[in-house]
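Report on the structure
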Amino acid sequence: MAKSSTVFFCNSCGYESPKWLGKCPACNEWNTFVEEKVVKDKGSGVSKVKKVQEAVSLNKISKTEINRIKSGFDELDRVLGRWIC
Ligand SMILES: [Zn+2]
């Protein structure tokens, strides 16, 4: 009987956790965890069937948020831009 479950992997160092973590306890990176559905099957070991790029989508969301809060002041945007990048 194949049994599927969800685990989370750190994109940066490969640390595995049963829960999503904002910060990796192994390499101290933020938002590096990605969700993976794994099917545990007797004999064939663990086969990864689906990879959800959660860290990537979180980055996209925060970039959108940053664009939305542009102040309209060139000076301030330049300072914020430098701070973000
Ligand atoms: Zn890590």
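This text gives an overview of the structure that appears in the document. (Residues numbered from 1 in each chain as written. Predicted model: local features only at pLDDT ≥ 70, side-chain atom pairs only at ≥ 80, totals over all residues. Heavy atoms only, no water.)

1. What to know about the pattern of salt bridges
One pass over the full model with this rule turns up one salt bridge. A salt bridge links E35 to K37, with the shortest nitrogen-to-oxygen separation between them at 3.1 Å. Residue class for E35 comes out buried when judged on its relative accessible area of 17%. When its relative accessible area of 29% is taken as the criterion, K37 is described as partly exposed. (Salt bridge = Lys/Arg side-chain N within 4 Å of Asp/Glu carboxyl O. Buried < 20%, exposed > 50% of the residue type's maximum accessible area, 1.4 Å probe, protein only.)

2. Brief notes about unusual backbone geometry
For N28, which is not glycine, the phi torsion reads 65 degrees and is therefore positive. Tracing the backbone shows N28 in the loop between β2 (16-17) and β3 (33-41). Phi angles above zero are rare outside glycine, and N31 is one such case at about 55 degrees. Considering the arrangement of structural elements, one finds N31 in the loop between β2 and β3. (Helix = DSSP H or I, 4+ residues; strand = E, 2+ residues; numbered from the N terminus.)

3. Some remarks on the coordination of the zinc ion
Those protein atoms acting as donors to the zinc ion are C10 (SG), C13 (SG), C24 (SG) and C27 (SG), and they sit at 2.3 Å. Coordination at the zinc ion is tetrahedral: its four donor atoms span angles of 106 to 112 degrees at the metal. Mapped onto the polypeptide sequence, the residues donating to the zinc ion form the spacing pattern C-x2-C-x10-C-x2-C. Placement of C13 in the loop between β1 (3-10) and β2 and of C27 in the loop between β2 and β3 is noted, with a sequence separation of 14 residues between them. (Donors = N, O, S within 2.8 Å, 3.2 Å for Na, K, Ca; no water. Tetrahedral: all angles 85-135°; square planar, octahedral: opposite > 155°, others 65-115°.)

4. Structural notes on the environment of V34
You can see V34 is positioned in strand β3. Residue V34 is classed as buried on the basis of its relative accessible area, which comes to 1%. Residues V34 and F9, spaced 25 residues apart in sequence, show a C-alpha to C-alpha distance of 5.4 Å.

5. A short note on the pairing of β1
For β1 and β2, the ladder comprises two bridges, and the chain directions are antiparallel. Paired with F9 across the strands is E16, a residue of β2. Taken together, β1 and the strand that follows it, β2, pair antiparallel across an intervening segment of five residues, in which G14 is found at a positive phi of about 90 degrees. (Pairing = 2+ DSSP bridges.)

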